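Read off the chains here:
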Amino acid sequence: MTTFTALCERAGQVVPTTRTVRTASGGVHLYFTASPGVRLGNTAGRLGKRIDTRAWGGYVVAPGSITATGAYAIVDDTPPVPLPEWLYTRLTVRQASRALTAAPSSVQASSYAAAGLNAETASVRQAPEGERNATLLRAARALGRFIAWGDLPREQVEEALQWAGEQAGLSPRSCEATIRSGLNWSIARNGQRRAA
């Protein structure tokens, strides 16, 4: 909550009054509604350290639940208010700027490489809980060959997979480690392009 309060202060905003739940570990969940047609994903640390967001495809433990570390309890029973525009902007600007631009950047690049990038990132974004990290690793291994063959720049693949992994709900650090491992494995095994 300290980090979120600081974020609000830096933005010149007040901490929104909305439904608030204290977690079993002492954290806080703030509930907001989304505008019709808005489909935000999940984030981990995008707004600030230890600030995660849950939206499409995400979940939180509901108040009244009891875990081994304690109970989840309502602190403020105010009905959830709409997500403030300034927070919505912060959650979507990065998404828009990191949107997949799978247009291959090298002369040798093919529409096949671009299609592969789009398909693998879509697969990661849609991976069900319990399969997200394994799906990210498979995607990195599948895309590493395009880097090895000069069809896609590594930075483009890393950024696209990082974005997709975070949208699926994986932590930034976990995504980075999995992507690096998968790409390195694939690049080492795909040094030469196979004849067409």
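What you see is a predicted model, and the numbers here were worked out from it, not measured in a lab.

**Q** Which residues make up the side chain of Thr-20, and what values do they have?
**A** By the secondary structure assignment, Thr-20 is in strand 1 (residues 20-22). Since its relative accessible area comes to 12%, Thr-20 is described here as buried. In terms of polar contacts, Thr-20 uses its side chain to reach the backbone carbonyl oxygen of Thr-18, at 2.9 Å.

**Q** Provide a residue-level description of the packing of helix 5 (residues 154-168) against helix 6 (residues 172-189), including the pertinent values.
**A** In contact at an axis separation of 9 Å, helix 5 and helix 6 are set at 140 degrees when each is read in the N-to-C sense. Between helix 5 and helix 6, the angle falls in the class oblique. Remark: the crossing between helix 5 and helix 6 carries right-handed chirality. Contacts between helix 5 and helix 6 pair Arg-154, Val-157, Glu-158, Leu-161, Gln-162, Gly-165 and Glu-166 from the former with Pro-172, Cys-175, Glu-176, Ile-179, Arg-180, Leu-183, Asn-184 and Ile-187 from the latter. Tallied by class, the residues present in the contact of helix 5 with helix 6 amount to seven nonpolar, three polar and five charged.

**Q** I'd like to hear about the pairing of strand 4 (residues 43-48), residue by residue, with values.
**A** Within strand 4, five of the six residues are buried, which leaves it mostly tucked inside the rest of the structure. With three bridges joining them, strand 4 and strand 5 (residues 51-53) adopt antiparallel strand pairing. By the bridge assignment for strand 5, Thr-43 is matched with Thr-53. Connecting strand 4 to the antiparallel partner strand 5 that follows it, the hairpin turn spans two residues, and Arg-50 within it adopts a positive phi of roughly 70 degrees.

**Q** Account for helix 1 (residues 2-10), naming residues and giving values.
**A** Every buried residue of helix 1 is listed here: Phe-4, Leu-7 and Cys-8. Down the axis, helix 1 shows its buried residues gathered within 100 degrees of arc, on one side only. Turned more than 90 degrees off the buried face of helix 1, the exposed positions are Thr-2, Glu-9 and Arg-10.

**Q** Residue-level account of the nonpolar core, with values.
**A** Counting residues in each nonpolar core, the largest one holds 20 residues, and the members touching the most others are Leu-136, Val-157 and Leu-161. Elements supplying a minimum of two residues to this core: helix 3 (111-125), helix 4 (132-148), helix 5 and helix 6. Ignoring any residue separated from it by four or fewer positions in sequence, one finds Leu-136 in contact with Val-124, Leu-161, Leu-170, Cys-175, Thr-178 and Ile-179.

**Q** Account for helix 5, naming residues and giving values.
**A** Here helix 5 contains 15 residues, and its C-alpha end-to-end distance of 21 Å stays within 8% of the 21 Å for a straight helix at 1.5 Å per residue. Counting buried residues along helix 5, 11 of its 15 residues qualify, which places the element largely inside the surrounding structure. Residues of helix 5 that are buried: Gln-156, Val-157, Ala-160, Leu-161, Gln-162, Trp-163, Ala-164, Gly-165, Glu-166, Gln-167 and Ala-168. Gly-169, located one to two residues past helix 5, shows a positive phi value of around 110 degrees.

**Q** Please provide a residue-by-residue account of the pattern of salt bridges, values included.
**A** Counting across every chain of the model gives two salt bridges. A salt bridge links Asp-77 to Arg-19, with the nearest nitrogen and oxygen atoms 3.3 Å apart. With Asp-77 in the loop between strand 8 (73-76) and strand 9 (81-82) and Arg-19 in the loop between helix 1 and strand 1, this pair connects stretches of sequence that are 58 residues apart. For Arg-19, a relative accessible area of 23% puts it in the partly exposed group. A salt bridge links Glu-158 to Arg-154, with the shortest nitrogen-to-oxygen separation between them at 2.8 Å. Highlighted residues: Glu-158 and Arg-154, both in helix 5, separated by four residues, approximately one helical turn. A relative accessible area of 28% means that Glu-158 is categorised as partly exposed.

The rules behind these values
- Residues numbered from 1 in each chain as written.
- Predicted model: local features only at pLDDT ≥ 70, side-chain atom pairs only at ≥ 80, totals over all residues.
- Heavy atoms only, no water.
- Helix = DSSP H or I, 4+ residues; strand = E, 2+ residues; numbered from the N terminus.
- Buried < 20%, exposed > 50% of the residue type's maximum accessible area, 1.4 Å probe, protein only.
- Polar contact = N/O pair within 3.5 Å; in protein donor to acceptor, adjacent residues only side chain to side chain.
- Axes fitted to C-alpha atoms, helices over the stretch in contact; angles between N-to-C directions.
- Parallel < 35°, antiparallel > 145°, perpendicular 65-115°, else oblique.
- Left-handed = near helix turned anticlockwise from the far one by under 90°.
- Contact = heavy atoms within 4.5 Å.
- Nonpolar A, V, L, I, M, F, W, Y, C, P; charged D, E, K, R; others polar.
- Pairing = 2+ DSSP bridges.
- Arc of directions from axis to C-beta.
- Core = buried A, V, L, I, M, F, W, Y, C linked by side-chain atoms within 4.5 Å.
- Expected span 1.5 Å × (residues − 1).
- Salt bridge = Lys/Arg side-chain N within 4 Å of Asp/Glu carboxyl O.

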